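# Chain and residue survey
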Amino acid sequence: MTVGKEQPLQLSRSLEELEQAVKWDAAGLVPAIVQDAGSKDVLMLAYMNRESLRKSVETGLTWFWSRSRAELWNKGATSGNTQRITALKYDCDGDTLLVEVIANGPACHTGEPTCFYRTAAAADEGASTGTNGGGAGGARFQVLAELEQLIAERYAERPEGAYTTYLFEKGLDKILKKVGEETAESIIAAKNGDNDELRYEVSDLIYHLLVLLRERHLPLDDIMRELERRHERPRRD
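Everything in this summary refers to the structure shown in the same document. (Residues numbered from 1 in each chain as written. Predicted model: local features only at pLDDT ≥ 70, side-chain atom pairs only at ≥ 80, totals over all residues. Heavy atoms only, no water.)

### Describing the packing of aromatic side chains
In this description, an aromatic ring pair is defined by two values, namely the gap between the centres and the angle between the planes. For the coordinates displayed, the defined rule picks out four aromatic pairs. Ring geometry for phenylalanine 64 against tryptophan 73: centres 5.2 Å apart, planes inclined by 45 degrees, an arrangement best described as tilted. On the basis of relative accessibility, which here comes to 0%, the residue phenylalanine 64 falls in the buried class. Judged by centre distance (6.0 Å) and plane angle (25 degrees), the ring pair of tyrosine 163 and tyrosine 166 falls under stacked. Of the two residues, tyrosine 163 and tyrosine 166 both sit in helix H4 (residues 163–170), three residues apart, roughly one turn of that helix. Through a chain of ring-to-ring contacts, the aromatic side chains of Tyr163, Tyr166 and Tyr207 assemble into a single cluster. (Phe/Tyr/Trp six-rings, centres within 6.5 Å; stacked < 30°, edge-to-face > 60°. Buried < 20%, exposed > 50% of the residue type's maximum accessible area, 1.4 Å probe, protein only. Helix = DSSP H or I, 4+ residues; strand = E, 2+ residues; numbered from the N terminus.)

Below is the structure:
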């Protein structure tokens, strides 16, 4: 399975119901925010009409309506920078779509990974490392975001010979077994007082936990938000 291969989306409701839930503007369009499924970076903003929405659902690849050319366009059809859809959502008002994707190359025509590469304002560097609004993408945890993205790509592409591919092909039980094994080995390393071994085993454990989260389609950002909610609760200590 490759990023550019067509694979229909599995909708939680019928396509007709989805079209009815969307609030189309006077031109029959709805804005679609495209977000990286792993890093959660916003890649681009485009527009869909009913036909491009249907083609996106039918192929599992992003299709949009070009307002300037007045025609449908399949992202990456000429450049090869396709986007495979992993989730399709709409907001509380139904007037905006959120399309989570695994991108096969940069989203921007300039060659930048995201169209939003020009900064008009930014928080202090120290403030950017927190989890509020940034999930695992802060500078301190950048490696987690990068690892999550790599695992997401392995899940989509399944390259032969990759250990992560092997885990996904074997399925949930195999992944859970590895999580259990790495947990036990981390406990043993801690009991033995060997911090070098503990660092190694905990790193393996975190990797396998990220594989488990991808298998269950649970973003790392959701875990970070849960930890943040717990941190904000009144403390009893």
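So much for the structure itself; the text now carries on.
### What about the packing of helix H3 (residues 142–157) against H4?
Interaxial distance between H3 and H4 falls to 9 Å at its minimum, and their mutual angle equals 60 degrees. In terms of axis orientation, H3 runs oblique to H4. The interaxial crossing formed by H3 with H4 has right-handed handedness. Where H3 abuts H4, its residues Ile151, Arg154 and Tyr155 lie against Thr164, Thr165 and Phe168. Of the residues contributing to the contact of H3 with H4, the split by class is three nonpolar, two polar and one charged. (Axes fitted to C-alpha atoms, helices over the stretch in contact; angles between N-to-C directions. Parallel < 35°, antiparallel > 145°, perpendicular 65-115°, else oblique. Left-handed = near helix turned anticlockwise from the far one by under 90°. Contact = heavy atoms within 4.5 Å. Nonpolar A, V, L, I, M, F, W, Y, C, P; charged D, E, K, R; others polar.)

### Points about the side chain of glutamate 148
Within the secondary structure layout, glutamate 148 lies in helix H3. Look at glutamate 148: it is buried, it has no salt bridge, and the nearest opposite charge is arginine 214 at 5.1 Å. A distance of 2.9 Å separates a polar side-chain atom of glutamate 148 from the backbone nitrogen of leucine 220. (Lys, Arg positive; Asp, Glu negative; His and termini not counted. Salt bridge = Lys/Arg side-chain N within 4 Å of Asp/Glu carboxyl O. Polar contact = N/O pair within 3.5 Å; in protein donor to acceptor, adjacent residues only side chain to side chain.)

### Focus on the sheet that holds strand E5 (residues 83–90)
Across the sheet, which stays open at both edges, the four strands sit in the order E2-E1-E6-E5 with mixed pairing between neighbours. Lying at the two open borders of the sheet, with one neighbouring strand each, are strand E2 (42–48) and E5. The mean angle between the axes of side-by-side strands here comes to 25 degrees, regardless of whether they run parallel or antiparallel. Relative to strand E6 (residues 97–103), strand E1 (residues 30–36) runs parallel, the two being bridged by five bridges. Within E6, the position partnered with isoleucine 33 by the bridge is leucine 98. H3 rests against E1, E5 and E6 of the sheet, and its axis sits at about 80 degrees to E6. (Pairing = 2+ DSSP bridges.)

### Description of the pairing of strand E3 (residues 63–66)
Direction of pairing for E3 relative to strand E4 (residues 71–74): antiparallel, over a ladder of four bridges. What sits directly across from phenylalanine 64, in E4, is tryptophan 73. The antiparallel hairpin formed by E3 and E4 contains four residues in its connecting segment, where alanine 70 sits at a positive phi of about 55 degrees.

### Brief notes about unusual backbone geometry
For alanine 70, which is not a glycine, the phi torsion comes out positive at approximately 55 degrees. Although it is not a glycine, histidine 217 adopts a positive phi angle of roughly 55 degrees. Positionally, histidine 217 belongs in the loop between helix H6 (195–215) and helix H7 (220–232).

### Some thoughts on a nonpolar patch on the surface
There is a patch of nonpolar side chains on the surface, built from Val42, Leu45 and Phe116 and spanning about 280 Å² of accessible area. Here leucine 45 is to be found in strand E2. Taking relative accessible area as the criterion, leucine 45 reaches 46% and is therefore assigned partly exposed. (Patch = residues over 30% accessible without salt bridge, like charges linked within 9 Å, V, L, I, M, F, W, Y side chains within 5 Å. Areas by Shrake-Rupley, 256 points an atom, 1.4 Å probe, with all protein chains shown as cover.)

### Quick look at the environment of tryptophan 63
Note on placement: tryptophan 63 falls in strand E3. Between the C-alpha atoms of tryptophan 63 and tyrosine 47, which are 16 residues apart in sequence, the distance is 9.0 Å. The residues touching tryptophan 63, leaving out its near neighbours within four places in the chain, are Met48, Ser52, Lys55, Ser56, Leu72, Trp73 and Asn74.

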